[in-house]
Amino acid sequence: MKTADKDVPVIIAALVIAAIPYWVRLPFWISLWCLFFWGYALLAARRKAPPPRPWLRQALIPAGLLGVLGSNDWSLAGNTFVGMLAIMVSLKPLEIETRRDKMITVFLTYFLILTHLLYVNSFFTALHMLVSVCSSTAALIRINHAGAGMPENLKLSVRIMLQALPLTIVMFILFPRIHGHFWGLSNPADYRTGFSERLAPGDISNLARDNGIAFRVDFHGDIPGPEHLYWRGIVYWRFTGQGWERDSRVPPRRGVFAATETVQYTVSLEPHGMRWWFSLDLPESAPRPARLLDDFTLISWRRITRRTVYTLESRRAHHTGPMRFWEAAALELPPQGNPGARALAQQWSRRHREPEAIVAAALLFLKENEFSYTLRPTPLEGDRIDDFLFRTRNGYCEHYASAFAFLMRAAQIPARIVGGYLGGERNPFGNYLIVRQSDAHAWVEVWLPKTGWTRVDPTSVIAPARIRQGSAAALPPAERPIYLSSRYLALLYRYWKPVQFAWDRVNTGWDTWVIGYSRSRQRELLTSGEIMGDPLKRLLVGILILSGAIAAGLGLFYRGLRKSAPVRTEKAPRAYEIFCRKLACITHPRRPEQGPVDFARQVAGQRPDLAERIGEITALYVRLRYGRGGDARDEKRLQKLVKGFKPRKR
Amino acid sequence: MQATTVRAKDIRLRPTGYGVLFGAVVAAITLGSLNYNNNLGLLLAFLLSGMALASLLHTRRNLTGLQILAATARPVFAGETAVYELLVCAEALPGRSVSFSFQQSPAVCQDMITHLPRRLSLRVPANHRGRLDPGPLRLETRYPFGLFRSVVRIALDLGCLVYPKPVAGAFAAAENQARSGSEGGKEVAGMDDFKGLQPYLPGEPLERIYWKAFSRGQGLQIKQFSGTAGAFIVFDWNSIKSAGVENKISLLCDAVLKAHRFNLVYGLNLPGQSIPPAAGNTHRQGCLKALALFGTAPVPS
């Protein structure tokens, strides 16, 4: 009968660790399947169960693959492939016979680690990756070095990982990246959609309950006051009677505008599946791969399917320049509908000559007629603007923006609706702003002769708290999120909040520097500063960094080889005495005339399991005491070895 | 022999088949991650390749400083297995999973602890008489990952003497053909008459120990016989009627062994070489050596 294969448990442990994230991702039965076969392989390796017959193994593979296909609706999606990999990996340990099988199983484990990275990129995933690489590598060492114990293997695994670290970092920074893909694919990461091409009443209030993060902003200077934090994304031009639509024919922006107060900031945009970028009012230019449109929106060439980091400069405009001919669209209204609103607007335009006065009159109308701010507006019927202005008089920001823009157009003032976000939460741990989906907002821009396109936010008249304290605080008490309405929860929330902020800080740093590191960022980093401008110098610096890292790695490596002046102190005999006392507990004590080597041989004969440790300690002691001597490090090692030597009686 | 230390520059490093496979795995991870623009995947690929590089240094270092302190092999007869005894030691760094082998021997895998000499034996089949040169000693390690193999070959110049394979049954013929020496002369140790007991000295044939005395607690004693001085036999190459050089040598070998066992005084006459009659272990070894090396190489003095 063959003895138990001690490598198999280690390999299976590495597999289990690598597969932990899949327990949430894959169908439950696959996890059970994996655990079952791994458990069986463990038993088989200990010779407590017969190894499965080859035909059964051959039959299990197609059965498992079919099962995976079936539970994924027979489609070849990313999850199907991961499931298939899991099936293969679950059956592989059953046929471990040779060293070759073992090595290949460990290589498969590395693949298993990779597939998980394709889905989730959080900081935790990275930690799990490190742990998993460590355990798989320990299994690899175990296969190639049968003599050592598992703690020793893990220690060596960590050591080699640390030695590989400098090179890893350098390669990560310098390795060339590509834009786009080698082959076609859909990104497995799903994304959250905020805005769409159409703005209909109810769209934004649906977002108000969504606590997901839209983007984060890192200001290069101070964070501007809350009244300036209007993040524009889309401009809605066309009124359809039901809602507003974006105009896809807006030309790109040319020329500059008179402005002051430049603000520089870096946005890290979460994937939203659409093409627009968000920017602070008003952006001046767009970095690639986005371009700036004439309505001051930024549109990317590609859909944003992964986190995108970009740096922008925005300015507060004095005057946005003359009105363009195509901007006449800002006056268009359907020929019919909403007579009440039209009449009201015409009444204002007859009474006031200045457009500013008309804007003020409209805001006053909203303020004085008991409009209210709510997430649950009364449903609108018929002519929606009229119904809202004269009957229901409650709504969310998109209702106010929509009605206000209609009134302005009816009064012959060019107006358009801007969709985006308002405000954001400052993270005290990182001085950056977190903008959530619940910060979604819509406001109006009117064209005035004196200032050009001018922002008017009708919501600010109804619910001034919206601007300063965010959307949750502006809502009536009954509609506020539960953590603000209940006193106890509010208290809890106050303590929980900093934790959340701190965690977000860690994750953001991670996202910015590791996950968001792209070709453009690479170029930015390598060309930043004066030294890096010249390509020749850049190459030189790259070589310097690389060789520095290699030298550092080698230095770490050969530290153990260096020898300092030998010393002889009394530490070694004392350590040896302790060692002998420990041994006396498990065997006959050392006779006075017995030399260390003799004694070691005697004990090793009785306890072959301890022979190696005993031999090591004795050899070191003999060298320190009677041989060539050693340095302080050797002494320390002897003390450590003796301290760690804990023989157990049999 | 002199102690030999493995130096870093003697070590040859090569990737193993698994190393190539591992490279392919890392390349696949890199390509996939680049394609998905997945930085974490790239990080994994770089970490793995960095670790492979670090393991390369570990593999190389694993052999550095190993010492071959001594190597010997006792003579064997053809058809037996020559056993080379090595004494090895790790000088400064431990050597893990080092396998020692000669070209024809199965490898012996050994963990080396610093400053703790280890004894290990390598078995090489000895098929032909003569001096068996096992070739250079090969030290190989794939520690720690099995992705790289570092190999060093050490020329030890270790000849193991292989005596001819004895072929039995020809002794009587040889004795008959033996030429008797001159008559008279002084008495020498022979097997003719029992003479008395003498204390045993190491090196004397075990067959002549007087075990009865030993069992009575009188110590090891040896039976002494006396023969006539000059009563000796000489095994002559030419007097053996047998075809084939090897066969003749095998017959002579058997004769020498038997003569030694019976404690005869014998000599050996080979073409171009003759060994005067004598007895004892040293003489036996000399004769066997002469037979082993006959016709293969100039006889060393």
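Given the structure is predicted, the values throughout are model-derived calculations rather than measurements.

Criteria and cut-off values
Residues numbered from 1 in each chain as written. Chains lettered and ligands numbered in written order. Predicted model: local features only at pLDDT ≥ 70, side-chain atom pairs only at ≥ 80, totals over all residues. Helix = DSSP H or I, 4+ residues; strand = E, 2+ residues; numbered from the N terminus. Buried ≥ 20, exposed ≤ 12 C-beta atoms within 10 Å, placed from the backbone. Contact = placed C-beta atoms within 7 Å. Nonpolar A, V, L, I, M, F, W, Y, C, P; charged D, E, K, R; others polar. Pairing = 2+ DSSP bridges. Axes fitted to C-alpha atoms, helices over the stretch in contact; angles between N-to-C directions. Core = buried A, V, L, I, M, F, W, Y, C linked by C-beta atoms within 7 Å. Left-handed = near helix turned anticlockwise from the far one by under 90°. pLDDT = per-residue confidence, 0-100. Parallel < 35°, antiparallel > 145°, perpendicular 65-115°, else oblique. Expected span 1.5 Å × (residues − 1). Arc of directions from axis to C-beta.

**Student:** When you look at the overall build of chain A in this model, what are you seeing that I'm missing?
**Tutor:** If you tally the helices and strands in chain A, you get 24 helices and 17 strands. When burial is assessed residue by residue, chain A has 36% of its 650 residues classed as buried. Intrachain contacts of chain A at a sequence separation of at least 6 include 71% that bridge at least 24 residues.

**Student:** Explain the overall build of chain B here, please?
**Tutor:** Counting its regular elements, chain B contains 6 helices and 17 strands. Counting the 301 residues in chain B, one finds 38% classified as buried. Within chain B, counting contacts between residues at least 6 apart in sequence, those at least 24 apart form 69% of the total.

**Student:** Is there a simple way to think about the interface of chain A and chain B in this case?
**Tutor:** Where interface size is given, it is often the accessible area lost as the parts come together that is meant. Contact with chain A, which involves 47 residues of that partner, is made by 40 residues of chain B. Elements that contribute at least two residues to the side of chain A that touches chain B include exactly α6 (99-117), α7 (123-144), α8 (150-174), α18 (487-515) and α23 (611-625) of chain A. Class assignment of the residues belonging to the side of chain A that touches chain B gives a composition of 32 nonpolar, 10 polar and 5 charged.

**Student:** I'm lost on the sheet that holds strand β4 (residues 76-77) of chain B in this one. Help?
**Tutor:** Backbone-to-backbone hydrogen bonds join strands into a sheet, with any given pair of strands oriented parallel or antiparallel. Residue and element names in this part refer to chain B. Strand order in the open sheet formed by 3 strands is β4-β12-β9, and the pairing between neighbours is mixed. Edge positions in the sheet fall to β4 and β9 (130-132), since each has one partner strand and no second. Alignment of β4 against strand β12 (residues 160-163), held across 2 bridges, turns out to be parallel. Residue pairing in the sheet places Val76 in a bridge with Val162 of β12. Relative to β12, helix α6 (residues 281-293) is tilted by about 90 degrees, and along the sheet it contacts β9 and β12.

**Student:** Help me understand the nonpolar core, please; the structure alone is not making it clear to me.
**Tutor:** A general trend in soluble globular proteins is that nonpolar side chains are found buried together. Residue and element names in this part refer to chain A. Counting 83 residues, the largest nonpolar core has Ala401, Phe404, Leu407, Met408, Ile417 and Val444 as the members making the most contacts within it. Broken down by element, this core gets its largest block of residues, 10 residues, from helix α13 (residues 397-410). Discounting residues that sit within four places of it in the chain, Ala401 has contacts with Ile417, Ala442, Trp443, Val444 and Pro458.

**Student:** When you look at the packing of α23(A) against helix α24 (residues 632-644) of chain A in this model, what are you seeing that I'm missing?
**Tutor:** Geometry of a packed helix pair, given as the angle between the helix axes and the separation of the axes. Residue and element names in this part refer to chain A. Across the interface, α23 lies against α24 with an axial gap of 10 Å and an inter-helix angle of 150 degrees. Note on packing geometry: the crossing formed by α23 with α24 is left-handed. Residues Glu616, Ile617, Leu620, Tyr621 and Leu624 of α23 lie in contact with α24, whose contacting residues are Asp634, Glu635, Arg637, Leu638, Leu641 and Val642.

**Student:** Just to check I follow, could you spell out the confidence of the model for chain A for this structure?
**Tutor:** Close inspection of predicted coordinates is inappropriate for parts of the model with low pLDDT. Residue and element names in this part refer to chain A. Scored by pLDDT, chain A has a mean of 81; 90% of the residues are at 70 or more. When mean pLDDT is taken per element in chain A, α7 scores highest with 92 and helix α17 (residues 482-485) scores lowest with 62. Below a pLDDT of 50 lies the segment residues 185-190, which in the model reaches 8 contacts outside its immediate sequence neighbourhood of four places, other chains included. A low-confidence stretch, residues 562-566 stays under pLDDT 50, and its non-local contacts, those more than four residues away or across chains, total 7 contacts.

**Student:** Would you explain the pairing of strand β2 (residues 213-219) of chain A in this entry?
**Tutor:** Looking along a regular strand, one sees side chains alternate from face to face of the sheet. All names here are of chain A. In terms of burial, β2 is a largely internal element, 5 of the 7 residues being buried. Sheet topology note: the β2/strand β5 (residues 258-269) ladder contains 5 bridges and is antiparallel. Residue Arg216 lies in a different strand from β5, and its bridge partner there is Ser268.

**Student:** Would you mind showing me how to read unusual backbone geometry here?
**Tutor:** As a rule of thumb, non-glycine residues mostly have phi less than zero, and peptide bonds are mostly trans rather than cis. Residue and element names in this part refer to chain A. A cis geometry characterises the amide bond from Asp281 onward to Leu282, with omega recorded as -20 degrees. Mapped onto the elements of the fold, Leu282 is located in the loop between β7 (279-280) and β8 (290-292). Positive phi is not limited to glycine here, since Arg393 has a value of about 55 degrees. Along the polypeptide, Arg393 turns up in the loop between α12 (384-392) and β12 (394-395).

**Student:** What am I meant to see in the confidence of the model for chain B here?
**Tutor:** Residue and element names in this part refer to chain B. Averaged over chain B, the pLDDT score is 82; the fraction of residues at 70 or greater is 87%. Mean pLDDT in chain B bottoms out at helix α3 (residues 171-177), which sits at 45, and peaks at strand β11 (residues 148-154), which reaches 93. When the criterion is pLDDT under 50, residues 172-190 qualifies, and its contacts beyond four places in sequence or with other chains add up to 33 contacts.

**Student:** Any chance you could explain the sheet that holds strand β3 (residues 66-73) of chain B here in plain terms?
**Tutor:** All names here are of chain B. Judged by pairing direction, the sheet is antiparallel, and its 4 strands sit side by side in the order β1-β3-β5-β8 without closing on themselves. Every interior strand has two partners, whereas the edge strands, β1 (4-5) and β8 (118-125), have only one. One ladder, built from 8 bridges, connects strand β5 (residues 81-90) with β8; its direction is antiparallel. Each bridged residue has a counterpart across the sheet, and for Leu87 the counterpart in β8 is Arg119.

**Student:** Explanation requested: the pairing of β11(B) in the structure shown.
**Tutor:** Residues and elements named next belong to chain B. With 4 bridges joining them, strand β2 (residues 12-15) and β11 adopt antiparallel strand pairing. Of the residues in β11, the one forming a bridge with Leu13 is Ser150. Sheet topology places strand β10 (residues 137-141) next to β11; 5 bridges connect them, and they run antiparallel. Among the inter-strand pairings, Leu139 is bridged to a residue of β11, identified as Val152. In sequence, β10 turns back onto β11 through a hairpin of 6 residues, with Gly146 there showing a positive phi of about 80 degrees.

**Student:** Help me understand the environment of Arg253(A), please; the structure alone is not making it clear to me.
**Tutor:** Residue and element names in this part refer to chain A. Position of Arg253 relative to the elements: it lies in the loop between β4 (244-246) and β5. On the basis of neighbour count, Arg253 is assigned to the buried category, with 21 C-beta atoms found within 10 Å. When the C-alpha atoms of Arg253 and Arg291 are compared, they prove to be 8.4 Å apart, with 38 residues separating the residues in sequence. Dropping the residues within four chain positions of it, Arg253 is found in contact with Leu292, Leu293 and Asp294.

**Student:** Sorry if this is basic, but what is going on with the packing of α12(A) against α13(A) here?
**Tutor:** All names here are of chain A. With their axes 10 Å apart at the nearest point, α12 and α13 run at an angle of 105 degrees to one another. Between α12 and α13, the interaxial angle falls into the category roughly perpendicular. Where α12 abuts α13, its residues Ile385, Phe388 and Leu389 lie against His399, Ser402, Ala403 and Phe406.

**Student:** Help me understand the environment of Pro75(B) in this model?
**Tutor:** Residues and elements named next belong to chain B. Its place among the elements puts Pro75 in the loop between β3 and β4. As a C-alpha pair, Pro75 and Lys289 span 214 residues in sequence and 9.1 Å in three-dimensional space. Among all residues touching Pro75, those that are not within four sequence positions of it are Cys160, Leu161, Val162 and Tyr163.

**Student:** Explain helix α21 (residues 571-584) of chain A to me, please; I cannot follow it from the model alone.
**Tutor:** Helical periodicity: at 3.6 residues per turn, an α-helix aligns residues three or four positions apart in one direction. Residue and element names in this part refer to chain A. Over its 14 residues, α21 runs 20 Å from end to end, which matches the ideal 20 Å to within 8%, given 1.5 Å per residue. Inspection of α21 places Ala572, Ala575, Tyr576, Phe579 and Leu583 among the buried residues, and these make up the whole buried set. Axial view of α21: buried residues confined to an arc of 100 degrees, hence all on one face. Residues of α21 that are exposed and point over 90 degrees away from its buried face: Pro573, Glu577, Arg581 and Ala584. Close packing links the buried residues of α21 with α22 (596-606), α23 and α24.

**Student:** Would you explain helix α5 (residues 245-261) of chain B in this entry?
**Tutor:** All names here are of chain B. For α5, which comprises 17 residues, the first-to-last C-alpha distance of 24 Å matches the rise-based estimate of 24 Å (1.5 Å per residue) to within 8%. Here α5 has its buried residues at Lys248, Ile249, Ser250, Leu251, Leu252, Cys253, Asp254, Ala255, Val256, Ala259 and His260. The first or second residue beyond α5 is Asn263, which carries a positive phi of 60 degrees.

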